[in-house]
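Chain and residue survey
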Amino acid sequence: MKSRLSIVLAALWWGSLTGLGFVVVPMLFAHLPSPAMAGAMAAKLFTAQTWLSIACSFLLLLVLNKNRASALSPPAPAAIKYVVAGLLLAVLVEFGVAPNIVSARASGGDLRFWHGLGSAMYLAQWLAAGWTLWCLSRLTNAGAA
C-alpha cells in the first residue's frame, strides 16, 4: 500500500510539473493578449506548483522513511536523494530566483539570466521528479517479482 501511495505522489508531482511547464505556460503565451499578462499568470501558477511540489516531496519523504522494507532495496535511497534534490530546487526557484525575476523586470536588471536560471532549475526539478517516479516504479516491480 505504501509503495502505491509513493508512486501516486511521485506521479502527481512529475505530472503537474509536466502539465504546467510544457503545456499550460506555453499556451498562456500563445493565447493571452500580451506577454506581460501571460507572465503574470504563469508566475502565479508556478507559485502554486511550488507548493504542490513541496507537499508531494514531504509526503514522499514521510512514506519512504516509514517503509522499512524498501529501505533495504537500492531504488529507495536513490529515490529519496532525488526527492530531496527536487524539493530543494522548488524552494530555491520560488524564494531565490522568482524574486530576482520580478526585481529584474521592474528595474531593468538581467531578466534573461534570471529567467534562464529559473527555467534550468525547473527542468532539473522535473528530471528529479521523473527519476523519483522511475526509481519507485522499479521498487514496486522488484517487490512484485
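The coordinates are above.
One structure accompanies this document, and this report is about it. (Residues numbered from 1 in each chain as written. Predicted model: local features only at pLDDT ≥ 70, side-chain atom pairs only at ≥ 80, totals over all residues. Heavy atoms only, no water.)

1. Brief notes about the layout of surface pockets
Considering only enclosed or pocket space, the largest pocket measures out at about 710 Å³ in volume. As for the largest pocket, its lining consists of 29 residues, of which Ala 42, Ala 43, Phe 46, Ile 101 and His 115 are closest to the centre. Among the elements of the structure, helix H1 (2-31), helix H2 (35-66), helix H4 (75-107) and helix H5 (111-144) are those that each provide at least two residues to the lining of the largest pocket. (1 Å grid on protein atoms, 1.4 Å probe; cavity = no way out; pocket = protein on both sides within 12 Å on 5 of 7 lines; lining within 4 Å. Points joined across faces, edges and corners; volume = space filled by probe spheres on them. Helix = DSSP H or I, 4+ residues; strand = E, 2+ residues; numbered from the N terminus.)

2. Some remarks on the nonpolar core
The biggest cluster of nonpolar side chains holds 21 residues, and the ones touching the most others in it are Ala 10, Trp 13, Leu 17, Leu 60, Ala 79 and Leu 136. Listed by contribution, the elements that provide at least two residues to this core are H1, H2, H4 and H5. When residues in this core are grouped by element, the largest group, 7 residues, is from H1. Val 93, Val 97, Ile 101 and Met 121 belong to the second-largest nonpolar core, a separate cluster that totals 5 residues. (Core = buried A, V, L, I, M, F, W, Y, C linked by side-chain atoms within 4.5 Å. Buried < 20%, exposed > 50% of the residue type's maximum accessible area, 1.4 Å probe, protein only.)

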